[in-house]
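Residues per chain are reported as follows:
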Amino acid sequence: MSTFARREDGQQIVLVALMLPVLLAFVGLVLDVGNVYFHRRMAQNAADAAAMAGSVQLAISRPQAQQTALAYAADNGYNNDGQSNTVTITFPSGCIAAQVDENVRPLLVSLVWDGSFNVGARAVACRRAVPVPASVIVLDQGRRDGALRISGNSSLVVERGNVHVNSSSPQAVTMGGSKSQVNTQTPATIVGGTSALDAFRPPPVTGAGVLADPLAHLPEPRKPAKCSSRQVNDNSDLVSGVFCYTGGISLNSSDSLTLPPGEYWIEGGISVNGTKAKIVADNVMFYIASGDVSIKKCSDCRFTPRTTGDYKGLTLYGARGNPPTFDFTAGADLYLAGIVYNKNGALELSGGADIVANFAVGTVNMTGNTDLVVEGFTSPNWETIEYRMTE
């Protein structure tokens, strides 16, 4: 019996000895597959980081984007040494692609195989301009009641996009008339709330996220070295080559003013209040350094935006630190196009009009029994830049 047991023990030892290389091979395979997967994940993280960082620099130049992408790949462990790893940057249309390849030495399989695993990962990130979804943005982020206030029986119609209100007040939008309405192409969005839900068509979205100021990147212009202190009442008060007037613009009665294209620095505001008054400002941007803008009566009031330069698309720009009030009551005699920007100031509307403009203002107050139609305006300065991974 003991002789038989010893024979059995000997057979088991032989079996274990025969199976041991197979078991070690399986263990090695599991470890090496796990190691390859780990390096694949590292390479993908590096490619993602490189592509996204590079896409932010696409607006500057491709060399800058490439340099940034390679730097981020190196920060993630891939230094493009050409031996253990390579990082290749290419530029598909409007995008940047990062390809990370690594030669991974096996852990245990190297005992029987003198080779390496090639691990590759690719990421593509794109930079694109996305139109701001709202044509009317009420920027005040406080808990202000009535940041958008509509009284009387006025109606606000937005034909492109919607109205967005940043106020977090439960009454961020207030309606004072039984027939007051807000009609928008897409649902209005309100950070806070309103008790006038029935006045919106379609119903608004409350509790929305804050919409960032789309023009926050735009610097305020510098005051020109050459200015005129005279008040501008008609064409005779204009000085050739001068785009800075510290006495303001004031038109009454039948005063008439046609401004050459340009970017104007205005102190003392703009006032138009005459049944036969006329102002034509085509391809003009007004920076209102002080004073208010009041367009009450005119036979022809025409404002169209700059078509070139940093302020392309802008018509009115209110000083951020000294915010004016923009008051438009001229009604059907007013043609206003472009972007009206008054981050910390108020917009007063009481004249019915069809306006081809976008508004980014602190607060909005509509009064009277009028219909205001905002058609919206397309401009590079009314876009946000979006960076997205596409692969």
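Now for a look at the structure at hand.

So, how was this worked out
Residues numbered from 1 in each chain as written. Predicted model: local features only at pLDDT ≥ 70, side-chain atom pairs only at ≥ 80, totals over all residues. Heavy atoms only, no water. Helix = DSSP H or I, 4+ residues; strand = E, 2+ residues; numbered from the N terminus. Contact = heavy atoms within 4.5 Å. Areas by Shrake-Rupley, 256 points an atom, 1.4 Å probe, with all protein chains shown as cover. Buried < 20%, exposed > 50% of the residue type's maximum accessible area, 1.4 Å probe, protein only. Phe/Tyr/Trp six-rings, centres within 6.5 Å; stacked < 30°, edge-to-face > 60°. Salt bridge = Lys/Arg side-chain N within 4 Å of Asp/Glu carboxyl O. Pairing = 2+ DSSP bridges. Axes fitted to C-alpha atoms, helices over the stretch in contact; angles between N-to-C directions. Expected span 1.5 Å × (residues − 1). Polar contact = N/O pair within 3.5 Å; in protein donor to acceptor, adjacent residues only side chain to side chain.

## Topic: the overall build of the protein
When its secondary structure is counted, the protein shows two helices and 27 strands. Put simply, 51% of the contacts in the protein that link residues at least 6 apart link residues at least 24 apart. For the protein, the accessible area works out to roughly 18,600 Å², and carbon and sulfur atoms hold 53% of it.

## Remarks on the environment of Ser350
Residue position: Ser350 is located in the loop between β24 (334–349) and β25 (353–366). On the basis of relative accessibility, which here comes to 25%, the residue Ser350 falls in the partly exposed class. Considered as a pair, Ser350 and Gly152 are 198 residues apart in the sequence and their alpha carbons are 9.8 Å apart. Apart from residues no more than four positions distant in its own chain, Ser350 is found in contact with Phe328, Thr329, Thr367 and Thr370.

## Quick word on the packing of aromatic side chains
Under the counting rule described, the total for this entry stands at seven aromatic pairs. With 6.2 Å between their ring centres and 70° between their planes, Phe286 and Phe303 make a pair best called edge-to-face. Residue Phe286 is found in strand β19 (residues 284–288), and its partner Phe303 is found in strand β21 (residues 300–303); the two are separated by 17 residues along the sequence. Since its relative accessible area comes to 1%, Phe286 is described here as buried. Between Tyr317 and Tyr341, the aromatic rings sit 5.1 Å apart at their centres with planes inclined by 65°, giving edge-to-face as the arrangement. Taken together, the positions of Tyr317 in strand β22 (residues 314–318) and Tyr341 in strand β24 put the pair 24 residues apart, joining distant regions of the chain. Using a relative accessible area of 0% as the deciding quantity, one classes Tyr317 as buried. One aromatic cluster in this structure is built from Trp265, Tyr287, Tyr311, Tyr317 and Tyr341.

## Let's talk about the pattern of salt bridges
Evaluated as defined, the whole model comprises five salt bridges. One salt bridge connects Glu263 with Arg306, and the closest N-O pair in it is separated by 3.6 Å. Residue Glu263 is found in strand β16 (residues 262–266), and its partner Arg306 is found in the loop between β21 and β22; the two are separated by 43 residues along the sequence. Here Asp327 and Lys296 are joined by a salt bridge, their closest N and O atoms 3.1 Å apart. Separated by 31 residues along the polypeptide, Asp327 in strand β23 (residues 325–328) and Lys296 in strand β20 (residues 293–297) bring together distant segments of the chain.

## A short note on the sheet that holds strand β1 (residues 85–90)
Spatially, four strands are ordered β1-β2-β3-β27 in an open sheet, and the strand pairing comes out antiparallel. Strands with a single pairing partner mark the edges of an open sheet, and in this sheet they are β1 and β27 (383–389). On average, each strand axis in the sheet is tilted by 15° relative to the strand beside it, whichever way the strands run. Where helix α2 (residues 62–75) meets the sheet, its contacts fall on β1 and β2 (95–104), and the angle it forms with β1 comes to roughly 150°.

## Quick word on unusual backbone geometry
Arg201 connects to Pro202 through a cis peptide bond whose omega is -10°. Within the secondary structure, Pro202 sits in the loop between β11 (200–201) and β12 (205–206). Of note in this structure, Asn80 is not a glycine but carries a positive phi near 60°. Inspection of the secondary structure assignment puts Asn80 in the loop between α2 and β1. The class of Asn80 is partly exposed, set by a relative accessible area of 34%. Residue Ser253 is not a glycine yet carries a positive backbone phi of 50°. Its location among the elements puts Ser253 in the loop between β14 (249–252) and β15 (256–258).

## Considerations on the pairing of strand β9 (residues 181–184)
Of the two faces of β9, only one is covered, namely that formed by Val182 and Thr184; the face formed by Gln181 and Asn183 stays uncovered. Across four bridges, the pairing between strand β6 (residues 155–158) and β9 is parallel. Directly across from Ser155, in β9, lies its bridge partner Gln181. Relative to β11, β9 is paired through two bridges, and the arrangement is parallel.

## Brief notes about α2
In this model, α2 (14 residues) spans 20 Å end to end at C-alpha, consistent with the 20 Å of a helix rising 1.5 Å per residue. Its side-chain oxygen at 3.1 Å from the backbone nitrogen of Gln64, Ser61 defines the N-terminal cap of α2. Backbone geometry just after α2 places Gly77 at a positive phi near 100°.

## Regarding the pairing of β19
Where burial is concerned, most of β19 is hidden: five out of the five residues are buried. Inspection of the sheet shows β16 paired to β19 by five bridges, in the parallel sense. Counted as the bridge partner of Gly262 is Val284 from β19. Where β19 and β22 come together, three bridges link them in parallel fashion. Counterpart to Phe286 in the pairing with β22 is Leu316.

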